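Below, each chain spelled out in residue letters.
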Amino acid sequence: MGVSASKFIDALSKLNLKSMFGTELLRKSLFNLADDHVFLNQGAYGASFKPSIEASNEWRLYAEQRPRKFFDDELPKLMLYLEKFFAYYMFHCDAEELALVDNVTFAFGSILKSIYLGEDHNILCFSTTYQAYKSYIDEECAARGAKAIVMDIEFPLKSERDVEEKIVLKLYNDYLTDHTIKYLLIDMVPSFPTFLMPVKRIVDLCKYKRPDIIVIVDAAHCFGSVKNFHFGDHGILSRGIDLLVTNCHKWFGAAKGTGFIFRNKTLSNDCAKFNICHLSKQLLDLKPAVRSVNIGKGFHGEFNWLGLKDYSSLLSLLTTYYVWKDLLGGVDHVVDYSQSLCQRAARHLSAKWNTDLLIDDSLCTTLACIRLPDKFVRQVVLQYLYNKPNPSSKQLSFIALLQDLDSHIKYDQAIEEIIGDELRDKYKIEVQIKMSKPGPRKSSKVYVRISASIFNYWDEYVYLGDCVVDYMDKFPNKMATSATTTTVKRPRAPAPTMSTSVTPSQTIKSDINSLSSYQKSYSSKSTYKQIVNHPLFR
């Protein structure tokens, strides 16, 4: 850590933040979130810690002092150190199995470009797989003569038994018998609907029945939001996983553009155990989607240098780790608060709106999806269409359709955007809106996806529930003008309950407020020397 990032953590350590979850002081001390918005959409882009951003800025400035020395001599060592550090302390795997990446999109693209797809070499994913991945898989399979097979997951899921029957056993009995399937993609926490997949059980059963299948895990939403997310003795990750990708900027609080890719070492030095065929080398030769001068220099050599770019966010990960370790009391402590808040909020909103949950709240992590009332959906979309100056014939027909309360609401991505924009613009609530794709003669259902983190508090979810009811009450029979205002008051974060031993002084508060603009000329040589002389690095 450089000077100002260290100063951040030193000041924050005096506040005992791990006892202040859900308070205004923690939110302002640790995050840059706007005070006038309710942020319940961490699953989209995350919320970075202030010290992480500060450390990233410091590394960026340090790199500019002696660019050639930094990029040629120091950066390769720093990247290897971080990979060893996180492999040892967080993932409980071998350092040779873990590499840094900017995000899971790049990592998954690298995997998809590296594996062999062709006749009798197909890939299986779930209906919950991230849509961008589905589109990418479809494109690659079409170009290479393979098939993208999708296993439909039937909702709702009301219990662990439902998960076992509708996912695990269905996969085992109906799909693993197809020997043209060579790859299985598992979304560990799908973005919609959101729940925690029993990855360890799925992988272990899969490897028992089909040891030749390469298992790929998309864990974009897991690092920092799921307990025991590691490959150790008590971890929820199976050593049977062949490839795994995860982000650090969604739930781990890291600066934007940080993540990891895991490649099981058996893929490179134990290929004989896979009965794959003469194409096994092509199947398992993982390469980054972008390649530079380190072509042919191994897993780390290629992934750690993708050409000249900004590596500062990746280098700030060590600072992020110490925020979790020294300020927040560890991952378990954070997840306990966030998961409990999310599950309680899901139950409250479902009861408030008299709607249902696609996933029982007991299966949710720090994300949950609650169905919005049909009346609210129709009114928001009608309000939007009525306010358009010259509606098209298609929009006019849509108005007539929505006014007919017995009609079915058809899936349309525009509806997701319209409702999300209305909640943001009218009530200053940031949430994700998702629509289900219905079967024949069934109406699409619209869901709000909420998130919970340590900067969130109970009144924010009460406010969301009240705003939806307020909207329906205001427009019962006719559309109002856009100037109509809400009478629902936005919540204010509670003040922390503190003992006298941890009451922050005005000096500490002043330090925190001034840190964002803190600038100082310094050299990071001492930090660099400490890193390269660490026992793990040697």
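Residues numbered from 1 in each chain as written. Predicted model: local features only at pLDDT ≥ 70, side-chain atom pairs only at ≥ 80, totals over all residues. Heavy atoms only, no water.

Caption draft 1: Geometry of the overall build of the chain. Helices and strands together make up the secondary structure of the chain, namely 21 helices and twelve strands. Counting all 538 residues of the chain, 55% fall into the buried class. Surface accessibility of the chain: about 23,500 Å² in total, with carbon and sulfur atoms responsible for 50%. (Helix = DSSP H or I, 4+ residues; strand = E, 2+ residues; numbered from the N terminus. Buried < 20%, exposed > 50% of the residue type's maximum accessible area, 1.4 Å probe, protein only. Areas by Shrake-Rupley, 256 points an atom, 1.4 Å probe, with all protein chains shown as cover.)

Caption draft 2: Highlighting unusual backbone geometry. Here the bond from Phe 155 into Pro 156 is cis, since omega is 10 degrees, no more than 30 degrees from zero. Positionally, Pro 156 belongs in the loop between β4 (148–151) and α8 (160–175). A cis amide bond links Phe 192 with the next residue in sequence, Pro 193, at an omega value of -15 degrees. Positionally, Pro 193 belongs in the loop between β5 (181–187) and α9 (199–209). Positive phi, normally seen in glycine, also occurs at Asp 120, with a value near 65 degrees. With respect to the element layout, Asp 120 can be found in the loop between α6 (104–114) and β3 (122–126). One non-glycine residue with positive phi stands out, namely Lys 428, at about 60 degrees.

Caption draft 3: Region of interest: the nonpolar core. Phe 86, Ile 167, Ile 261, Leu 328, Leu 372 and Ile 419 are the most contacted members of the largest nonpolar core, which has 164 residues in total. At twelve residues, helix α5 (residues 67–91) tops the list of elements feeding residues into this core. Setting aside anything within four residues of it in sequence, one finds Leu 372 in contact with Trp 353, Thr 355, Val 377, Ile 419, Ile 433, Val 446, Tyr 447, Val 448 and Val 468. (Core = buried A, V, L, I, M, F, W, Y, C linked by side-chain atoms within 4.5 Å. Contact = heavy atoms within 4.5 Å.)

Caption draft 4: Representation of α8. The largest bend in α8 amounts to roughly 40 degrees and is located at Leu 169. Those residues of α8 lying buried are Asp 162, Val 163, Lys 166, Ile 167, Val 168, Leu 171, Tyr 172 and Tyr 175. On its buried side, α8 packs onto β3, β4, β5 and α9. (Bend = angle between axes of the 7 residues up to and from the residue.)

Caption draft 5: Quick peek at the sheet that holds β5. Taken in spatial order, the seven strands make up an open sheet running β2-β8-β7-β6-β5-β3-β4, and their pairing is mixed. The outermost strands of the open sheet, each flanked by one partner alone, are β2 (98–101) and β4. Across this sheet, the average inter-strand angle for adjacent strands is 20 degrees, counted without regard to direction. Relative to strand β7 (residues 243–247), strand β6 (residues 214–218) runs parallel, the two being bridged by three bridges. Paired with Val 217 across the two strands is Leu 244, which belongs to β7. (Pairing = 2+ DSSP bridges. Axes fitted to C-alpha atoms, helices over the stretch in contact; angles between N-to-C directions.)

Caption draft 6: Seen up close, the sheet that holds strand β12 (residues 446–451). Read from one edge of the open sheet, three strands run β9-β12-β11, paired in antiparallel fashion. Whereas interior strands pair on both sides, the edge strands pair on one side only; in this sheet they are β9 (367–371) and β11 (432–435). Adjacent strand axes in the sheet meet at a mean angle of 30 degrees, parallel and antiparallel pairs treated alike. Summarising the sheet, β11 and β12 pair through four bridges and their orientation is antiparallel. The residue bridging Lys 434 from the neighbouring strand is Tyr 447, located in β12. Its contacts with the sheet place helix α15 (residues 331–353) against β9 and β12, and it is angled at close to 5 degrees to β9.

Caption draft 7: Examining the packing of helix α4 (residues 50–65) against α5 more closely. Running from N to C, α4 and α5 cross one another at 130 degrees; their axes reach a closest spacing of 7 Å. The orientation of α4 with respect to α5, classified from their angle, is oblique. Facing Trp 59, Tyr 62, Ala 63, Glu 64 and Gln 65 of α4, the residues of α5 in contact are Pro 67, Phe 70, Phe 71, Glu 74 and Leu 78. In terms of residue class, the contact of α4 with α5 is made up of seven nonpolar, one polar and two charged. (Parallel < 35°, antiparallel > 145°, perpendicular 65-115°, else oblique. Nonpolar A, V, L, I, M, F, W, Y, C, P; charged D, E, K, R; others polar.)

Caption draft 8: Up close: the side chain of Asp 361. Within the fold, Asp 361 resides in the loop between α15 and β9. With relative accessibility at 11%, the residue Asp 361 sits in the buried group.

Caption draft 9: Up close: the confidence of the model for the chain. Considering every residue of the chain, the mean pLDDT works out to 84; 78% of them sit at 70 or more. Least confident of the elements in the chain is helix α20 (residues 506–515), whose mean pLDDT is 39; most confident is β7, at 98. Note on residues 269–283: pLDDT under 50 across the span, and 28 contacts to partners over four residues away in sequence or across chains. In this model, residues 479–483 is a region of pLDDT below 50 whose contacts with residues beyond four sequence positions or in other chains number ten contacts. (pLDDT = per-residue confidence, 0-100.)

Caption draft 10: The packing of aromatic side chains, seen in detail. This structure, assessed with the given rule, holds 35 aromatic pairs. Geometry around Phe 231 places Arg 239 over its ring, the cationic atom sitting 5.5 Å from the centre. The side chain of Lys 309 reaches across the aromatic face of Tyr 311, ending 4.2 Å from its centre. (Phe/Tyr/Trp six-rings, centres within 6.5 Å; stacked < 30°, edge-to-face > 60°. Lys NZ or Arg CZ within 6 Å of the ring centre and 35° of its normal.)

Caption draft 11: View of the pattern of salt bridges. All chains considered together, the criterion is met by 27 salt bridges. One salt bridge connects Lys 28 with Glu 24, and the closest N-O pair in it is separated by 3.0 Å. You can see Lys 28 and its partner Glu 24 sitting in helix α2 (residues 24–30), four residues apart, about one turn around the helix. A residue is classified by how much of its surface remains accessible, and Lys 28, at 39% relative accessible area, is partly exposed. Notably, a salt bridge pairs Glu 164 with Arg 201, separated by 2.7 Å at the nearest N-O pair. With a gap of 37 residues between them, Glu 164 in helix α8 and Arg 201 in helix α9 connect regions that are remote in the sequence. One network of salt bridges, with partners in common, ties together Asp 356, Arg 371, Asp 374 and Lys 445. (Salt bridge = Lys/Arg side-chain N within 4 Å of Asp/Glu carboxyl O.)

Caption draft 12: Up close: α4. With 16 residues, α4 extends 23 Å between its outermost C-alpha atoms, agreeing within 8% with the 22 Å of an ideal straight helix rising 1.5 Å per residue. If you check which residues of α4 are buried, you get Lys 50, Pro 51, Ser 52, Glu 54, Ala 55, Ser 56, Glu 58, Trp 59, Tyr 62 and Ala 63. (Expected span 1.5 Å × (residues − 1).)

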